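Chain by chain, the residues:
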Amino acid sequence: RVDLTQPLTFAIQADDNEAAAHPRDVTFQLSEVADMPAAARLHLRSPYSTLNIDMNALKNAADWAAASEAMKALTASETPDFTGTTDENGRVAFAGLNPGLYLVSGTPVIIGGWAYSFQSFLTSVPTRNVDDEWQYDVLSTITLERSPPLIDLECVNVWDDDTPGAHRHVQI
């Protein structure tokens, strides 16, 4: 049984996928999508309950990923329950959480000329450790995907000859 009197924390450690670095100033959001009573059976909250997903019946990573994506689509119109930004060590912590299931999402950011992003995921707080005991201080280490940022370029044709416009290329 979950001890509902225990204080709960959830922390994220953000790591770079290609460098030994911990990106700072990355913003993460937590949205509580399901309540967890002492019996640890998850009950979806509104508006997530409209998805008709039985969170207690999900069997594998693909099921959890599909549920996460469906819930992410709903959070676009919702205010997250918690928002925080990573510090110089790439860490952000959230305290005062209710027992439940949370959708963890992040805001893509450009740092040092690199674009950073990651996949949203679901996590329960508290969660069970390898010994099947409840863990009330939860830490997730997230590897951020680093890629060159997309940029917009404009190409301008400059012709330095006497060729009439009708004989010039329309596209390059």
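Here the residue index of a chain counts from 1 through its sequence in written order. At least 70 in pLDDT is required for a residue's local features to be given in this predicted model, at least 80 for side-chain atom pairs to be given and counted, and no such filter applies to totals for whole chains, interfaces and linings, which use all residues. Side-chain metrics rest on all non-hydrogen atoms present in the structure, leaving aside hydrogens and water.

## Points about the overall build of the protein
Right, on to step 1. A count of helical and extended segments in the protein gives one helix and twelve strands.
Right, on to step 2. The classification of residues rests on relative accessible area computed with a 1.4 Å probe and restricted to protein chains. Under 20% of the type maximum is buried, over 50% is exposed, and intermediate values are partly exposed. Counting only residues that meet the buried cut, the protein has 35% of its 172 residues in that class.
Right, on to step 3. Restricting to contacts in the protein with at least 6 residues of sequence separation, those with at least 24 account for 69%.
Right, on to step 4. All accessible areas in this document rest on Shrake-Rupley with a 1.4 Å probe, and a residue is counted as covered only by the protein chains that are shown. By element, 50% of the accessible surface of the protein is carried by carbon and sulfur atoms, the whole surface being about 10600 Å². The secondary structure listing takes helices from DSSP runs of H or I that are at least 4 residues long and strands from runs of E that are at least 2 residues long, numbered from the N terminus. We call two residues in contact whenever any of their non-hydrogen atoms come within 4.5 Å of each other.

## Some words on the pairing of strand β6 (residues 100-106)
Right, on to step 1. With six of its seven residues buried, β6 lies for the most part within the structure.
Right, on to step 2. Pairs of strands are assigned from DSSP output, requiring at least two bridges between the strands. Looking at chain direction, strand β2 (residues 27-35) and β6 are connected through seven bridges and run antiparallel. Looking at β6, one finds that Ala34 is bridged to Leu101.

## With respect to the environment of Ala14
Right, on to step 1. One can find Ala14 in strand β1 (residues 9-16).
Right, on to step 2. Judged by relative accessible area, which is 0%, Ala14 ranks as buried.
Right, on to step 3. Residues Ala14 and Arg91 lie 77 residues apart in sequence; the distance between their C-alpha atoms is 6.2 Å.
Right, on to step 4. Look past the residues within four positions of Ala14 in its chain and what remains in contact with it is Ala21, His22, Pro23, Phe28, Thr86, Gly90, Ile142 and Leu144.

## Comments concerning the packing of aromatic side chains
Right, on to step 1. Stacked, tilted and edge-to-face pairs are distinguished by plane angle, under 30 degrees for stacked and over 60 for edge-to-face with tilted covering the rest, among Phe, Tyr and Trp rings (Trp via its six-membered ring) whose centres lie within 6.5 Å. Evaluation of the coordinates by the stated rule reveals three aromatic pairs.
Right, on to step 2. Pairing Phe28 with Phe118 gives two aromatic rings, centres 5.2 Å apart and planes at 55°, and the pair type is tilted. In this pair, Phe28 sits in strand β2 while Phe118 sits in the loop between β8 (114-117) and β9 (121-125), placing the two residues 90 residues apart along the sequence.
Right, on to step 3. What links up through ring pairs into an aromatic cluster is the set Phe28, Phe118 and Phe121.

## Some details on unusual backbone geometry
Right, on to step 1. Cis geometry is adopted by the peptide bond preceding Pro47, which originates at Ser46 and carries an omega value of 5°.
Right, on to step 2. Tracing the sequence through the fold places Pro47 in the loop between β3 (43-44) and α1 (61-75).
Right, on to step 3. Geometrically, the link from Val125 to Pro126 is a cis peptide bond, its omega value of 5° lying close to zero.
Right, on to step 4. As for its position among the elements, Pro126 is in the loop between β9 and β10 (127-128).
Right, on to step 5. With a phi close to 55°, Asn52 is a non-glycine residue in the positive phi region.
Right, on to step 6. If you trace the backbone, Asn52 turns up in the loop between β3 and α1.
Right, on to step 7. Of the residues examined, Asn52 reaches a relative accessible area of 72% and is grouped as exposed.

## So, α1
Right, on to step 1. Here the expected length of a helix is defined as 1.5 Å per residue gap, with one fewer gap than residues. Along its 15 residues, α1 runs 21 Å from first to last C-alpha, staying within 8% of the 21 Å computed at 1.5 Å per residue.
Right, on to step 2. Buried within α1 are the following residues: Ala67, Ser68, Met71 and Thr75. Here the buried residues of α1 occupy an arc of 105° about the axis, which is enough to place them on one side. Exposed and facing more than 90 degrees away from the buried side of α1 are Ala62 and Ala73. What the arc covers is the set of directions going from the helix axis to the C-beta atoms.

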